[in-house]
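# Observations on the model geometry
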Amino acid sequence: MAVEGEEEALLSEPSPSPLGRFPSASRITPFTVLLVLTGAIGGFLFGYDTGVVSGALFYLRDDPILAGLPAGSEDLVEGAIVAGTTVGAALGAGLGSVASDRLGRRQSILYADAFFTVGSVLLAFSTSAFQLIAGRVIVGLGVGVASMIVPVYIAEVSPTKDLRAALVTVNVLMITAGQFFSYLVNYFLSFAGGECWRWMLGVAALPAILQFGGMLFLPETPRWLALKGNLGEASKVLSKLSASPEDAAEFMREIQAPSVATSTAGVRVFSAFESKLFRYQVYVGVTLQVLQQLSGINTVMYFTPVILSSAGIEGRQVLLMSMLPALTNAAMTLVGIWAIERMGRRKLLLSSLVGVALSLGLIGALFSFEAPYGWIVASLMLYLVCFAPGLSPVPWAVNSEIYPTASRGLGSGCSAVANWLSNSLISVLFPSLQHRLSAGGVFWLCGAVSVAGTWWAYLVLPETKGLSETEIQARFAERLTRSGAAGAKPETRSV
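A quick note: this is a predicted structure, and the numbers were derived from the prediction, not measured.

Rules used throughout
- Residues numbered from 1 in each chain as written.
- Predicted model: local features only at pLDDT ≥ 70, side-chain atom pairs only at ≥ 80, totals over all residues.
- Heavy atoms only, no water.
- Helix = DSSP H or I, 4+ residues; strand = E, 2+ residues; numbered from the N terminus.
- Buried < 20%, exposed > 50% of the residue type's maximum accessible area, 1.4 Å probe, protein only.
- Contact = heavy atoms within 4.5 Å.
- Areas by Shrake-Rupley, 256 points an atom, 1.4 Å probe, with all protein chains shown as cover.
- Patch = residues over 30% accessible without salt bridge, like charges linked within 9 Å, V, L, I, M, F, W, Y side chains within 5 Å.
- Salt bridge = Lys/Arg side-chain N within 4 Å of Asp/Glu carboxyl O.
- Axes fitted to C-alpha atoms, helices over the stretch in contact; angles between N-to-C directions.
- Parallel < 35°, antiparallel > 145°, perpendicular 65-115°, else oblique.
- Left-handed = near helix turned anticlockwise from the far one by under 90°.
- Nonpolar A, V, L, I, M, F, W, Y, C, P; charged D, E, K, R; others polar.
- pLDDT = per-residue confidence, 0-100.
- Core = buried A, V, L, I, M, F, W, Y, C linked by side-chain atoms within 4.5 Å.
- Arc of directions from axis to C-beta.
- Expected span 1.5 Å × (residues − 1).
- Bend = angle between axes of the 7 residues up to and from the residue.
- Phe/Tyr/Trp six-rings, centres within 6.5 Å; stacked < 30°, edge-to-face > 60°.
- Lys NZ or Arg CZ within 6 Å of the ring centre and 35° of its normal.

## Topic: the overall build of the protein chain
For the protein chain, the count of helices and strands is 22 helices and zero strands. Counting over 495 residues, the protein chain shows a buried share of 57%. Look at the contacts in the protein chain between residues 6 or more apart in sequence, and 83% of them connect residues 24 or more apart. In the structure as shown, the protein chain presents an accessible area of about 20,200 Å², 68% of it carried by carbon and sulfur atoms.

## Points about a nonpolar patch on the surface
Together, Phe212, Leu216 and Phe217 make up an exposed nonpolar region whose accessible area comes to about 340 Å². Examined against the element boundaries, Leu216 turns out to sit in the loop between α9 (205–215) and α10 (222–227).

## Quick notes on the packing of helix α5 (residues 105–124) against helix α6 (residues 129–157)
For any two helices packed against each other, one specifies the inter-axial angle together with the distance between the axes. Their axes nearest at 8 Å, the elements α5 and α6 cross at an angle of 155°. One element, α5, and the other, α6, form an angle in the roughly antiparallel class. α6 is crossed by α5, and the crossing has left-handed handedness. Considered class by class, the residues forming the contact of α5 with α6 number 18 nonpolar, six polar and four charged.

## Here's the deal with the confidence of the model for the protein chain
Predicted confidence across the protein chain gives a mean pLDDT of 83, with 84% of residues reaching 70 or more. Within the protein chain, the element-level pLDDT minimum falls on helix α1 (residues 2–12), averaging 38, and the maximum on α5, averaging 96. Low pLDDT, under 50, characterises residues 1–23; the predicted model gives this stretch 18 contacts beyond four residues in sequence or across chains. Predicted confidence for residues 258–266 stays below pLDDT 50, and this span has 14 contacts to residues more than four positions away or in other chains.

## Observations regarding the nonpolar core
Formed by 120 residues in total, the largest nonpolar core has its most connected members in Phe116, Trp197, Val284, Leu349 and Tyr383. Ranked by residues supplied to this core, first place goes to α6 with 14 residues.

## Brief notes about helix α11 (residues 231–241)
Of the positions making up α11, those classed as buried are Ala234, Val237, Leu238 and Leu241. The buried side chains of α11 occupy one side of the element, clustering within an arc of 100° when seen end-on.

## Some thoughts on the environment of Ser182
Positionally, Ser182 belongs in helix α7 (residues 164–189). As for Ser182 and Val53, which are separated by 129 residues in sequence, their C-alpha atoms are 8.7 Å apart. Once you skip the residues sitting within four places of it in the chain, Ser182 turns out to touch Tyr48, Gly51 and Val52.

## Examining helix α2 (residues 30–60)
Taking 1.5 Å per residue, 31 residues should reach 45 Å; α2 reaches 43 Å between its end C-alpha atoms and fits that length. Maximum bend of α2: about 35°, positioned at Val53. Counted residue by residue, α2 has 23 buried out of 31 residues, so it is predominantly covered.

## Some details on the environment of Ala365
Residue position: Ala365 is located in helix α18 (residues 345–368). Between the C-alpha atoms of Ala365 and Ile376, which are eleven residues apart in sequence, the distance is 9.6 Å.

## Here we look at the packing of aromatic side chains
Using the criterion set out here, one finds 14 aromatic pairs in the structure. Between the aromatic rings of Tyr280 and Phe476, the centroid separation amounts to 6.3 Å while the plane-to-plane angle is 70°, which identifies the pairing as edge-to-face. On the criterion of sequence distance, the pair formed by Tyr280 in helix α14 (residues 276–294) and Phe476 in helix α22 (residues 469–482) is long-range, its members being 196 residues apart. On the basis of relative accessible area, Tyr280 is assigned to the buried category, the value being 10%. Summarising the aromatic geometry, the rings of Trp455 and Tyr458 are spaced 5.8 Å apart at their centres and angled 20° between planes, so their arrangement reads as stacked. Taken as a pair, Trp455 and Tyr458 lie in helix α21 (residues 408–460) at a separation of three residues, close to a single helical turn. Taking the relative accessible area as the measure of exposure, Trp455 reaches 56% and is therefore exposed. Every member of this aromatic cluster is reached through a ring pair, and the members are Tyr280, Tyr283, Trp456 and Phe476. Stacked on the ring of Phe31, the Lys or Arg Lys240 has its end atom at 5.6 Å from the ring centre.

## Some points on the pattern of salt bridges
Using the criterion set out here, one finds eleven salt bridges in the structure. Between Glu401 and Arg345 there is a salt bridge, with the nearest N and O atoms lying 3.0 Å from each other. Of this pair, Glu401 sits in the loop between α20 (394–399) and α21 while Arg345 sits in helix α18, and the two are 56 residues apart along the sequence. Residue Glu401 shares its accessibility class with Arg345, and that shared class is buried. One salt-bridge network, held together by shared partners, links Asp101, Arg105, Glu156, Arg223, Arg408 and Glu469.

## Thoughts on the environment of Val82
Relative to the helices and strands, Val82 resides in helix α4 (residues 74–102). The exposure class assigned to Val82 is partly exposed, which follows from its relative accessible area of 36%. Val82 sits 54 residues away from Arg136 along the chain, and the two C-alpha atoms are 7.7 Å apart. Excluding anything up to four places from it in sequence, Val82 contacts Val53, Leu57 and Arg136.

## Structural notes on the packing of α7 against helix α17 (residues 323–339)
Where α7 meets α17, the closest approach of the two axes is 9 Å, and the angle between their N-to-C directions is 165°. Between α7 and α17, the angle is such that the two are roughly antiparallel. Judged by the twist between their axes, the crossing of α7 over α17 is left-handed. In this structure, α7 contributes Ala166, Thr169, Val170, Val172, Leu173, Thr176, Gln179, Phe180, Tyr183, Leu184 and Tyr187 to the contact, and α17 contributes Met323, Ala326, Leu327, Asn329, Ala330, Thr333, Leu334, Gly336 and Ile337. A breakdown of the residues in the contact of α7 with α17 according to their chemical character gives 14 nonpolar, six polar and no charged.

Okay, structure coming up:
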């Protein structure tokens, strides 16, 4: 049979890299690997800077900067320090969406590194609460820019369609690795004394400087170069990215199609929203990111240290045990890298959502019946096993590929802003929800959102696995037409 012959051919191919079992892995060059790993440092910084604050605050509370505040204001200032990064990230994602389409993907990453470095240095040398809050906002700007541009950069340097999402998921792996590393750093630096928080917050400048230096010697993505009419440079970059002449030739044929003429003429900022198809794609991308945040991930990550403290684990042992969910998250993201190009985005997301909904229902029941802490922790880990391979990477992967090249930064930025705003909303509403609904009720509410999200994704989200940009636009136009918006046509400004 043809399927059997195809499987034999795949099994007989050499596997020169850890991705060797992917059909196109042998066509990836070391230069592509270098670009992906260098770009994904932005994901590592994203994870580190969002994870490190919990451990740093543990020691900041005893520092004169916070201990000397007027009575009653400590909680407000501490909340502002935590929220500063989220507010900055929402602003950064919005700024990055405009900068990436106008200035380029590579240039936007350099700006993110500048924000990371300046903010980390300010935090390390802070002498007042205001400086701490300002430093966290500046770091947040870097987090926001990185969260929307790094997936786009990686997707656009991917030499083949059937590895695009897997390579983007490497960025998600680096986010989870950054979170795990932040807990590890917090634990070991906790032995350094009272002002160890300065090192915890300041050490993030080092990978930012490393990425900045590396990106100076790495190119812009070939798609953005082609968008700006620089076909010669795009071809030169592409020849370094792919070991397959066929892939390079296919790409060049696509970007030299007649439809490129309109895209190379440039697009006014926000004019993309005049397209009904683009608005529909933004709706899908934004909803995916909001669904990711409302499906309980922040609630689970919040409750794990609370449960550990309730179980009698105190001090730096809490920091050590908090590595468990971060490690689980990272390990299961590896499964997502393996699965996303095999199952496809749609099937992986739907299966993940079903598992998330069931595990949230179980967690809610265990809380409601006051089950032993060990059972609750185990159910929280089960949730992460279901969340990390699908609901974690798929929104980022889908948003990196569904928009036309000319408006990809704008679309990705809108979805990233939605991610951070919904994150902030959860942070604000969580204490009130916990008080009104109880812990079990909060998890049941998140489970209900996951059930609704499963049905929404089944109806709305098309599969984009292995499709070119033109094919993705056509598939979304077909889905839009079927939804009742007649007259939708594939975007003609894409590359």
